[in-house]
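A structural walkthrough
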Amino acid sequence: MQDPARSVEPPSVSILSHGMLGYGFPLASLEEAERRGFALLAIDAGSTDPGPYHLGSGRPFVSETMVKRDLDFLLPAARQQKAKVVIGSAGGAGTASQLEFVASILRKVVAEQGLGPLKLGLIDTELSKPTLKKALSEGRIRRFETRRDLTDADIEEATHVVAQIGIEPMVAALADGCDILLCGRAWDVANVAAYPVLLGHDRGLSFHLGKILECGGQAAVPVEGSDLLMGRLEGTSFIVETPHARKACTVESVGAHTLYEKSNPVWLPGPGGTVDLKETRFEPLGTDRVTVTGSRFHPAPRHTVKLEGARLAGYRHIAIAGIRDPLMIRQLDAVAEGVRSRLVANLGSTVAMDSFDLRFRFYGRDGVMGPLEPTPMPGHEIGLVIDVVAKTAELAETVCAMARSLTLHWAYPGRIATAGNLAFPFSPADLPAGPVYEFNIYHLMEIDDPAAAFPFTTEVLP
């Protein structure tokens, strides 16, 4: 339903979505989107999908070269359309440093192409440790999917903690007249939904459209690499379509993306409430478009944002090798256990056993699923990754080198050759993989006023 406070139906709004800043897209899709016209360019720029490294380290998920490539094409197109631009989860994890990383590239593109003057809004969603500890002491942080309480120690150990904001801070910034809005960590849906909600469109429909558009062309078929996607909100429905000449949006593809990354098929929870999809209807519109109706929004009794934090877990060193001897392949577990036992004996009392973790990953048998693999049938060759994580980089290198050497020369029953058991594709055989991070904060924090909790700042780009 339309917001009852508004007596006039909001204007239809066309939206162009790019699912990941820095992943690229076909220029022909952008050209067709420009021909059709759009009022909002919504860009997702991050995710927790790559794991905790980019949050823990603060390093961007994509390269400066590719971020600039995308913005070099997208920003002039948006300027030509007089469209708003909303970018969420800047730099990958949405930390303050990643927000500035994307902002600096954006400023460069605007200056080089003479796109100004433009009003840029910035929303920093990284939280300080005093802010988090205060919320914890006030009982405003509760369990989420981790099923354990947050502690002061968790907060202290985290290198970065971000909050996944919803639309409210974005709406406030857009209402202030921002032409481009760049946000830290944000609900993917909000990048699309904030501007339509500001215009007066129904939240249920706006959020559902955001869910479908969040990954760009992934809701169109055939799915092939990164691409753009379009949507249009009008009255009590929205339309999803692809600007790609050889793709189509179907009831199946749009419905499937509605179910994407969801534990419940009819509920879509997010900051501030839940979208109810029980009455949602998907109908084909011609052969390549889909119209959607019936999605509704239920506000939560208390507004919450998801907290994401990561801490340093150690340092990684790896060795990659191939195994082709069928006798050794039949004895992989015994070889690994023998190597592990000998390594522990060689280290003796000089190294605490809980200061490192050694794993043998056998690709071609169960390297992907490990003990959950239902058909661990080894082939004629096995890819081996010796994976060591230790408290220091020096210890990780030491353990990896020992494990590699022992495995290379291990005398398993039936072995004939003495030159070595492993084929190494690289020299050096042992490779440092740098610091390792792990998620240690994945909780919900209650806030009274989300717009006030995450205020925006502005600057004019000449």
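That block above? That's the structure.
This section reports on the structure supplied with the text. Throughout, residues of each chain are indexed from 1 in the direction in which the sequence is written. Only residues with pLDDT of 70 or above have their local features reported here, since the model is predicted, and side-chain atom pairs are shown and tallied only from 80 upward, although totals for entire chains, interfaces and linings are computed over all residues. To obtain the side-chain values, all non-hydrogen atoms of the structure were used and water was disregarded.

**Overview of the pattern of salt bridges**
Test applied: Every case where a carboxyl oxygen of Asp or Glu lies within 4 Å of a side-chain nitrogen of Lys or Arg is listed as a salt bridge. The secondary structure listing takes helices from DSSP runs of H or I that are at least 4 residues long and strands from runs of E that are at least 2 residues long, numbered from the N terminus. Each residue gets one of three labels from its accessible area relative to the maximum for its type: buried under 20%, exposed over 50%, partly exposed in between, using a 1.4 Å probe on protein chains only.
If you walk through the whole model with that rule in mind, you get 36 salt bridges. Here Glu241 and Arg36 are joined by a salt bridge, their closest N and O atoms 3.4 Å apart. Here Glu241 is found in strand 9 (residues 237–241), whereas its partner Arg36 is found in helix 1 (residues 27–36), with 205 residues between them in sequence. For Arg36, a relative accessible area of 34% gives the class partly exposed. For the salt bridge of Glu459 with Arg107, the shortest nitrogen-to-oxygen distance reads 2.8 Å. Residue Glu459 is found in strand 19 (residues 456–461), and its partner Arg107 is found in helix 4 (residues 96–113); the two are separated by 352 residues along the sequence. Connected through shared salt-bridge partners, Glu32, Arg35, Arg36, Glu241 and Arg289 make up one network.

**A closer look at the pairing of strand 9**
Our working rule: Pairing between two strands is assigned when DSSP locates at least 2 bridges connecting them.
Buried residues dominate strand 9, accounting for five of its five residues. Taking every second residue as pointing to the same face, both faces of strand 9 are buried, with Ser237, Ile239 and Glu241 on one and Phe238 and Val240 on the other. Relative to strand 9, strand 8 (residues 228–234) runs antiparallel, the two being bridged by five bridges. Residue pairing in the sheet places Glu234 in a bridge with Ser237 of strand 9. Where strand 8 folds back on strand 9, the antiparallel hairpin that results is connected by two residues, among which Gly235 adopts a positive phi of roughly 65°.

**With respect to the sheet that holds strand 4 (residues 118–123)**
Rule in force here: The angle between two axes is taken between their N-to-C directions and runs from 0 to 180 degrees, where each axis is a line fitted to C-alpha atoms and a helix contributes only its stretch in contact. Pairs of residues are marked as contacts when any of their non-hydrogen atoms sit within 4.5 Å.
If you walk across this open sheet you meet the 10 strands as 12-13-9-8-1-2-3-7-4-19, and the pairing is mixed. In this open sheet, the two strands that pair with only one neighbour each are strand 12 (281–285) and strand 19. Across this sheet, the average inter-strand angle for adjacent strands is 20°, counted without regard to direction. With six bridges joining them, strand 4 and strand 19 adopt antiparallel strand pairing. Looking at the pairing, Leu118 lines up with Leu461 of strand 19. Set on the sheet, helix 1 makes contact with strand 1 (13–18), strand 8 and strand 9; between it and strand 8 the angle comes to about 20°.

**Comments concerning the packing of aromatic side chains**
Convention followed: Each Phe, Tyr or Trp ring, with Trp reduced to its six-membered ring, pairs with another whose centre is within 6.5 Å; inter-plane angles below 30 degrees give stacked pairs, above 60 give edge-to-face pairs, and intermediate values give tilted ones. Whether a charge sits over a ring comes down to the Lys NZ or Arg CZ being within 6 Å of the ring centre and within 35 degrees of the ring normal.
Per the stated rule, a full pass over the model turns up seven aromatic pairs. On the numbers, 6.2 Å between centres and 50° between planes, the contact of Tyr23 with Phe61 is tilted. One end of the pair, Tyr23, is in the loop between strand 1 and helix 1; the other, Phe61, is in the loop between helix 2 (53–57) and helix 3 (64–81), with 38 residues separating them in the sequence. Linked through ring pairs, Phe144, Phe439 and Tyr442 together constitute an aromatic cluster. Note that Arg69 overlies the ring of Phe25, its terminal NZ or CZ placed 4.7 Å from the centroid.

**Side note on the side chain of Ser89**
Heads up, the condition is: Between N or O atoms, a polar contact is any pair within 3.5 Å; within protein, one atom must be a potential hydrogen donor and the other a potential acceptor, and residues adjacent in sequence are included only when both atoms are from side chains.
Topologically, Ser89 is positioned in the loop between strand 3 (84–88) and helix 4. Classification of Ser89 by relative accessible area gives buried; the value is 0%. Engagement of the side chain of Ser89 in a polar contact is seen with the backbone nitrogen of Ala186, the distance being 3.1 Å. Here Ser89 is in contact with Asp44, Ala45, Gly46, Gly94, Cys183, Gly184, Arg185 and Ala186, once residues within four sequence places are set aside.

**Digging into the sheet that holds strand 11 (residues 273–276)**
As a general point, the strands of a sheet are linked pairwise by backbone hydrogen bonds and lie either parallel or antiparallel. On the basis of which strands lie adjacent, the open sheet formed by three strands has the order 10-11-14 and antiparallel pairing. The open sheet terminates on both sides in strands that have one partner only, identified here as strand 10 (267–270) and strand 14 (296–299). Pairs of neighbouring strands in the sheet enclose a mean axial angle of 25°, with direction left out of account. Here strand 11 pairs with strand 14 via four bridges, running antiparallel. By the bridge assignment for strand 14, Val275 is matched with Phe297.

**Focus on helix 7 (residues 167–175)**
The buried fraction of helix 7 amounts to seven of the nine residues, a majority that puts the element mostly inside the structure. Among the residues of helix 7, those classed as buried are Ile167, Glu168, Pro169, Met170, Val171, Ala173 and Leu174. Once helix 7 ends, the next one or two residues include Gly177, with phi positive near 95°.

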